[in-house]
Amino acid sequence: MSLLPQSTNLGKLEIIEVYEYYDAPCLFACRNLSGQLFIAVWAEQTTEFGTWLYVPISQRRFETVRSGGIDLRDAFLNSEDGFVYEVIISSDNSSDRVEIIWCENLIDDWLPMPGEFIEFGNLPLPILEVKDAPLIL
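Let me begin by describing the structure that accompanies this report.

Conventions and cut-offs
- Residues numbered from 1 in each chain as written.
- Predicted model: local features only at pLDDT ≥ 70, side-chain atom pairs only at ≥ 80, totals over all residues.
- Heavy atoms only, no water.
- Helix = DSSP H or I, 4+ residues; strand = E, 2+ residues; numbered from the N terminus.
- Contact = heavy atoms within 4.5 Å.
- Phe/Tyr/Trp six-rings, centres within 6.5 Å; stacked < 30°, edge-to-face > 60°.
- Buried < 20%, exposed > 50% of the residue type's maximum accessible area, 1.4 Å probe, protein only.
- Arc of directions from axis to C-beta.
- Core = buried A, V, L, I, M, F, W, Y, C linked by side-chain atoms within 4.5 Å.

Moving on, we get to the overall build of the protein. Of regular secondary structure, the protein possesses two helices and six strands. Contacts spanning at least 24 positions in sequence make up 55% of the contacts within the protein whose residues lie at least 6 apart.

In structure tokens:
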């Protein structure tokens, strides 16, 4: 099963940092070709599908979360846009799905624990330049 949804409105995603790993990344940052950043957390796994929460995040807020200024739970509960994406990745070949969940409707058990921080301190940020998207003529 893939960690990143394929052929969805989130675009083509790439992982830029992994923060927690348990047999596979379960908390990571990623971005799409247009430069939109996301922090993703594994929420639930069944034999049929995996569920992830992807919070869209500005570079400034990403830097604050990454340096320990905002805990991970608050990054999801108080998303800048008021919602997160529920990403459902199928175990078989069916299409991945992306749905919007408003922050006030998030399932508590799916969120990071209160007081859980990413603390990279002064370590440099990953390269955040937007990669050139392919030209479509």
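Throughout the structure, instances matching the rule amount to six aromatic pairs. Seen from their ring centres, phenylalanine 83 and tyrosine 85 are 5.2 Å apart, and the 80° between their planes marks the pair as edge-to-face. As far as burial versus exposure is concerned, phenylalanine 83 and tyrosine 85 are alike and both buried.

Let us look at helix α1 (residues 59–66). For α1, the complete set of buried residues consists of Arg61, Phe62, Val65 and Arg66. Looking down the long axis of α1, one finds its buried residues gathered within 135° of arc, a one-sided arrangement. Contact partners of the buried residues in α1: β1 (13–21), β2 (25–32), β3 (37–45), β4 (49–57) and α2 (72–77). After α1 finishes, the residue glycine 68 shows a positive phi value of roughly 90°.

Another aspect to go through is the nonpolar core. Core analysis: the largest hydrophobic core is formed by 23 residues, its most contacted members being Ile39, Leu53, Phe62, Val65, Phe76, Val84 and Leu106. A per-element tally of this core places β3 first, with four residues. With near-sequence residues (within four places) excluded, leucine 53 lies in contact with Ile39, Ala40, Val41, Ala43, Phe76, Val84, Tyr85, Glu86, Ile101, Leu106, Trp110 and Leu111. Core analysis: the second largest hydrophobic core is formed by 14 residues, Leu10, Cys30, Phe38 and Tyr54 among them.

So, about unusual backbone geometry. Phi at serine 7 is positive, roughly 55°, even though this residue is not glycine. Looking at where serine 7 falls in the secondary structure, it is placed in the segment before β1. At aspartate 23, a position not held by glycine, the phi torsion is positive, near 70°. Along the chain, the position of aspartate 23 falls in the loop between β1 and β2.

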